[in-house]
Amino acid sequence: MYADRGLPARNVEDVSESPATSSREDNPTLGDFLLPDGFRRPRAVEALRESSLVLEAGRYALTSVDERRRRWVTPYAARGVPRTEEPVILVPGFMAGDATLRAMSRSLRRRGFRTYRAHIRANVGCTRAAADELESRIESIAIKRGSRVRIVGHSLGGMLARGLAVRRPDLISGIVTMGSPMLAPGAHHVLLTTSVDVLVRLSRAGVPGLMAADCVAGDCARQSFHESREPMPADVSFTAVYSRRDGIVDWRACIDPAAHPVEVAASHIGMALDPRVIDVVTDALHLPAYAGRPGLRPVRDSVLEVDSGESA
C-alpha cells in the first residue's frame, strides 16, 4: 500500500545496531532516561535541513491550487467524496498548536475524513495533564460520532497518541505518528532542549500551565515515557512516519518496533504540510484497525460504554 507513497523503510535494524552515539552532554533539565544508549541529539548544523520547509510549503500550495482547479472542472453532481466513518483528531507537536496542522486537516477533509482539532493552543504544558485533556477530548468526539477515533500526531503529539492508544483502546482504533521520537524523547536538537529549560524556569518562577521540572526529569516524565513504551493493543493500527532528513530529532528514535514504519523525504516541521506525507497519512488512516497483526480481527464491536444521555 505504501510503495508509491513513502520511501521504503530500510535498515530499521539500525535502531538497535547503531553505535553508542548517545549524547551525554551535561543537562540540568532533562532526565537521562529520556536519552537511552544508541540515540543522539542532532548536531547543531543539522537544523539547516529544516530550511526545506519553504519547498514543502510551496509544494503544498501548488497541490492545493491543482486540487481546486480539478474540483471546478468536475460536474457538481460528481464532486461529492464519501465520508469515512471514523473521525480523525490531529495533535500538534511541542510548542505548537492546532493551527500548525490546519493544512493537513484541510487536505484530509477534501479526501473524505472528518477531522477534529485537539484544542491545544500551544503544547508547552505537563505531558500527563495534556494526555488527560486529550483523552477527554477524544472521548467526547467518540461519543458524538458513535465510533472509535483515529489520531494523527506530529512529534510530541504522536507520543501523546502512543500513550493514549495503550490507555484507551476502547476509544482509539489507530494512530499515525510523524517524527515522534518515542524511543528516546530526549534525542532532540539543542534548540528544543533550551526551550524546555526556559519553560521549566518560567514554571519555577510561578508562570502557570508550563512544563515543570518533574515533567521532564521526575516521576511525571518517567510515567509518561513508560506508558508510551507499553505493548500496543492488538486491534489498534500503528504507522510511524519518519525522515532521515529530520533536523530536529534523531530519526532512529521515531521507529517504534510495534509500528509499521514508513520513510519519507521531508523536514521535521515540513511533515505537517508536505503533500507526499499527507498521502502516506491518508493510506495509513484507511488501514483496518488490526492491520499489521496477522491472523487478528477486530475484537470490539462498540466504541464505548457510556451513559446514553451524555453527548459531546
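Notes on the structure in this doc start here. Remember, predicted model here, so these are calculated numbers, not experimental data.

The rules behind these values
Residues numbered from 1 in each chain as written. Predicted model: local features only at pLDDT ≥ 70, side-chain atom pairs only at ≥ 80, totals over all residues. Heavy atoms only, no water. Helix = DSSP H or I, 4+ residues; strand = E, 2+ residues; numbered from the N terminus. Expected span 1.5 Å × (residues − 1). Buried < 20%, exposed > 50% of the residue type's maximum accessible area, 1.4 Å probe, protein only. Contact = heavy atoms within 4.5 Å. Axes fitted to C-alpha atoms, helices over the stretch in contact; angles between N-to-C directions. Parallel < 35°, antiparallel > 145°, perpendicular 65-115°, else oblique. Nonpolar A, V, L, I, M, F, W, Y, C, P; charged D, E, K, R; others polar. Core = buried A, V, L, I, M, F, W, Y, C linked by side-chain atoms within 4.5 Å. Salt bridge = Lys/Arg side-chain N within 4 Å of Asp/Glu carboxyl O.

**A look at helix 4 (residues 127-145)**
No. 1: Counted at 1.5 Å a residue, the expected span for helix 4 with its 19 residues is 27 Å, and the 26 Å between its end C-alpha atoms agrees.
No. 2: Among the residues of helix 4, Thr 127, Ala 130, Ala 131, Leu 134, Glu 135, Arg 137, Ile 138, Ile 141, Ala 142 and Ile 143 are the ones counted as buried.
No. 3: The inward-facing, buried residues of helix 4 contact strand 1 (88-91), strand 2 (115-117), strand 3 (149-154), helix 5 (156-167), strand 4 (172-178) and helix 8 (219-227).
No. 4: Backbone geometry just downstream of helix 4 places Gly 146 in the positive-phi region, at approximately 65°.

**Some remarks on the packing of helix 2 (residues 53-72) against helix 9 (residues 275-285)**
No. 1: Packing of helix 2 against helix 9 brings their axes to within 8 Å, and their N-to-C directions diverge by 70°. Classed by the angle they form, the pair helix 2 and helix 9 counts as roughly perpendicular. Mapping the contact onto sequence places Glu 56, Arg 59, Tyr 60 and Thr 63 in helix 2 and Pro 275, Arg 276 and Ile 278 in helix 9.
No. 2: Looking at the contact of helix 2 with helix 9 residue by residue, the class counts come to three nonpolar, one polar and three charged.

**Some thoughts on the nonpolar core**
No. 1: Within the largest apolar cluster, 50 residues are counted, with the highest numbers of intra-cluster contacts made by Ile 89, Leu 134, Ile 138, Ile 151, Ile 172 and Ile 175.
No. 2: What Leu 134 contacts, discounting residues up to four positions off in sequence, is Ile 89, Val 91, Ala 118, Leu 160 and Leu 164.
No. 3: Core analysis: the next-biggest nonpolar cluster, separate from the first, contains 24 residues, Leu 101, Val 176, Ile 278 and Ala 284 among them.

**Observations regarding the pattern of salt bridges**
No. 1: Summed over all chains, the structure comprises 20 salt bridges.
No. 2: One salt bridge connects Arg 229 with Asp 256, and the closest N-O pair in it is separated by 2.8 Å. With Arg 229 in the loop between helix 8 and strand 5 (237-242) and Asp 256 in the loop between strand 5 and strand 6 (260-263), this residue pair connects regions lying 27 residues apart in the sequence.
No. 3: For Asp 256, a relative accessible area of 2% corresponds to the buried category.

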